[in-house]
Amino acid sequence: MADRVTVIGWDGSPLTAAARSALAAATLVAGAAHHLALPEVPPGAERIRLGSVDLAARRIAGHRGTAVVLADGDPGFFGVVRTLRAPQHGLEVEVVPAVSSVATAFARAGMPWDDAQIVVAHRRTLRRAVNVCRAHTKVAVLTSPGAGPAELALLLEGVHRTFVICEELGTAREQVTVLTSDKAADHAWRDPNVVIVIGGSAGPASPAPVAGPGGPGGGWIGGRDPGYPPAVRGWALPAREYGDGPSERPGQGPGQGLGEGESADLRAAQLARLGPRTGDLVWDIGSGSGALAVEAARFGAAVIAVDADPDACDRTAAAARRFGVQLHVVHGRAPYILEDLPEPDVVRIGGGGVPVVSACADRRPERIVTHASTRDEAEAIGRALAEGGYTVECALLQSVELDTAAWSERDRSVVFLLSGVQERRV
């Protein structure tokens, strides 16, 4: 095992005294080509060009001497330190950090970043990174070959965002470009690069930011809007939270914008079975009031809400603004409108019956959740899910709302809840 392993971050600025000292004593140096070309690398040291960090770690573990690993930015932030310290390698490392590429990118953009989401995009994680960009107003994407600005832009088709693309930060070839996402696919971008994705609109659900460590208006937790937590606590909120608001229809009071199959109790059960989370894309078909779409988005998921009724689409968009979440609202009739939508992770079907269930099953989401009013309808939907390759569960839910002034029954709901689950996708 190496006698000493030092990981040095490099951000293009001159190396610190500690970094130069560690390099001068190194008998093995690992890094990218531009790291190994640094004049401080001892000419007699063994050199390993980093491709697979895991393979390099094995070489370092078997080396007798002093090893140095060079990496861009802060090597402890989505960097090589995690792999080197993995139990199978048994390496104890000292770290000489530099400014992370994310911090540098936001500095070039002149923007704060304590409220930003930060994701890594590889070929296998690109779709999930794009979903985070759909769901949040400020995201930094650490890209890789084949999962760069152009690929992000192509998968974000239909969602307007602004890209700040920072190429080769800290080098003589550094370049920062600001353009809209629909233009990014028309360019060839140099690696490495960081993309700041900004856009969408925050709603009024959060209170005004309070003074934090950074001064007035500062936040207190990373990756959240400065006004976090939101003013409304909880999920499966009561119907009154989704009223029609200022545009109430004649004869309809606040809280009466929810349709059949949108009760809070049913919504709670549906959300529990969907399990929406950050990086997911949720389809909410037959979004109605937008209640389920909004609550799925509040869990951090990207959501596409579909409804054939333009008034329902307007209510869903209004609910998203009210709760400060990002939704993509699509006006159209399922199953036909679904053909051009990006691949979902989970789907909630609020209406449309067997044809819509079968169309969704053909897209192979991990979970499909819907409901039925009668046993015959439930059996038909269950068969469609089973024929689509899903394991089907069905429960009969009954809820009774009581008037607590008189402790009498105010409303009763009986519905079949169906869910289909398939093997988790890799």
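Data block above holds the structure.
For every chain, the first residue of its written sequence is number 1, and the numbers climb from 1 along that sequence. Local features are withheld for residues below a pLDDT of 70 in this predicted model, meaning they are given only at 70 or higher, and side-chain atom pairs are given and counted only at 80 or more; totals for whole chains, interfaces and linings count all residues. The side-chain values count all of the structure's non-hydrogen atoms but skip hydrogen atoms and water molecules.

Chemist: Requested: an account of the pairing of strand β10 (residues 193-198), with residues and values cited.
Modeler: Buried means the residue's accessible area, taken with a 1.4 Å probe over protein chains only, is under 20% of the maximum for its type, while exposed means over 50%, and partly exposed covers the values in between. Strands here mean DSSP runs of E at least two residues long; helices mean DSSP runs of H or I at least four residues long; both are numbered from the N terminus. Across the six residues of β10, five count as buried, placing the element largely inside the fold. As defined by bridge partners, strand β7 (residues 138-142) adjoins β10 across five bridges and the pair is classed as antiparallel. Pairing of Val139 across the sheet is with Val197, part of β10. For strand β8 (residues 162-167) and β10, the ladder comprises six bridges, and the chain directions are antiparallel. By the bridge assignment for β10, Thr162 is matched with Ile198. In short, DSSP must find at least two bridges between two strands for them to pair.

Chemist: If you had to explain the sheet that holds strand β15 (residues 367-372) to someone new, which residues and values would you point to?
Modeler: Reading across the sheet, the seven strands line up as β13-β12-β11-β14-β15-β17-β16 and stay open at both edges, with mixed pairing between neighbours. In this open sheet, the two edge strands, each paired with only one partner strand, are β13 (328-331) and β16 (391-403). Across the sheet, the mean angle separating the axes of adjacent strands is 20° when strand polarity is ignored. In terms of strand pairing, β16 meets strand β17 (residues 408-421) through 13 bridges, oriented antiparallel. Note on β17: the bridge partner recorded for Val400 is Arg412. Running at roughly 70° to strand β12 (residues 302-307), helix α6 (residues 126-135) makes contact with β11 (281-285), β12 and β13 of the sheet. Only the contacting stretch of a helix is used when fitting its axis, a line to C-alpha atoms as for every element, and angles between N-to-C directions run 0 to 180 degrees. Residues count as neighbours in contact if any of their non-hydrogen atoms are within 4.5 Å of one another.

Chemist: Account for the layout of surface pockets, naming residues and giving values.
Modeler: Gaps between atoms show up when a probe of the same size as a water molecule is rolled over them. Its volume calculated, the largest pocket comes out at about 1,500 Å³. Only protein atoms enter the calculation, which uses a 1 Å grid: trapped sets of points that fit a 1.4 Å probe without letting it out are cavities, open sets showing protein on both sides within 12 Å along at least five of seven lines are pockets, and any residue with an atom within 4 Å of a point is a lining residue. Forming the walls of the largest pocket are 48 residues, and the residues nearest its centre are Asp72, Phe78, Gly79, Thr143 and Pro192. Listing elements by their share of the lining of the largest pocket, those giving two or more residues are α2 (33-36), β4 (66-72), α4 (80-84), α5 (101-109), β6 (117-120) and β10. As a working rule, the residues Ala, Val, Leu, Ile, Met, Phe, Trp, Tyr, Cys and Pro are called nonpolar, Asp, Glu, Lys and Arg charged, and the rest polar, with Gly in that last group. In terms of residue class, the lining of the largest pocket is built from 23 nonpolar, 17 polar and eight charged. Grid points are joined across faces, edges and corners, and a volume is the space filled by probe spheres set on the points.

Chemist: Describe the packing of helix α12 (residues 353-362) against helix α13 (residues 375-387), with residues and values.
Modeler: The relative placement of two packed helices comes down to the angle between their axes together with the axis-to-axis distance. Where α12 meets α13, the axes come as close as 9 Å, and the angle between the chain directions of the two elements is 20°. Relative to α13, the element α12 lies roughly parallel. Seen along the crossing, α12 lies across α13 with a hand that is right-handed. Contacts between α12 and α13 involve Val354, Val357 and Ser358 on the former and, on the latter, Ala380, Ile381, Ala384 and Leu385. Class assignment for the residues of the contact of α12 with α13 results in six nonpolar, one polar and no charged. Any angle between 65 and 115 degrees counts as roughly perpendicular, while under 35 counts as roughly parallel, over 145 as roughly antiparallel, and the rest as oblique. Take the far helix as the reference: if the near one is turned anticlockwise from it by less than a right angle, the crossing is left-handed, and if turned clockwise, right-handed.

Chemist: Any chance you could break down the sheet that holds β7 for me, citing the residues and the numbers?
Modeler: Spatially, β6-β7-β10-β8-β9 is the arrangement adopted by the five strands of the open sheet, whose pairing is mixed. Only two strands of the sheet have a single neighbouring strand rather than two, namely β6 and β9 (175-180). When strand polarity is set aside, the average angle formed by the axes of neighbouring strands in this sheet is 20°. Direction of pairing for β8 relative to β9: antiparallel, over a ladder of six bridges. Pairing of Cys166 across the sheet is with Val176, part of β9. Docked against the sheet, α6 engages β6, β7 and β10, running at close to 165° with respect to β6.

Chemist: Describe the packing of helix α9 (residues 264-274) against helix α10 (residues 291-298), with residues and values.
Modeler: Contact geometry for α9 and α10: axes closest at 11 Å, N-to-C directions at 40°. The angle between α9 and α10 falls in the class oblique. The chirality of how α9 crosses α10 is right-handed. Contacts from Arg267, Gln270, Leu271 and Leu274 of α9 reach α10 at Ala291, Leu292, Glu295 and Ala296. In the contact of α9 with α10, the residues fall into five nonpolar, one polar and two charged.

Chemist: So, the environment of Gly146: which residues are in play, and what are the values?
Modeler: By the secondary structure assignment, Gly146 is in the loop between β7 and α7 (149-155). A relative accessible area of 26% means that Gly146 is categorised as partly exposed. The spacing of Gly146 and Arg123 is 23 residues in sequence and 6.2 Å in space, taken between C-alpha atoms. Apart from residues lying up to four places away in sequence, Gly146 is in contact with Arg123, Leu126 and Glu151.

Chemist: Residue-level account of the packing of aromatic side chains, with values.
Modeler: Pairing of aromatic rings covers Phe, Tyr and the six-membered ring of Trp, with a centre-to-centre limit of 6.5 Å; geometry is then stacked below 30 degrees between planes, edge-to-face above 60, and tilted otherwise. Evaluated as defined, the whole model comprises four aromatic pairs. Judged by centre distance (5.1 Å) and plane angle (75°), the rings of Phe77 and Phe78 are edge-to-face. On the accessibility criterion, Phe78 (52% relative accessible area) is exposed. Residues Trp235 and Phe299 carry aromatic rings whose centres are separated by 5.7 Å and whose planes lie at 65° to one another, so their mutual orientation is edge-to-face.

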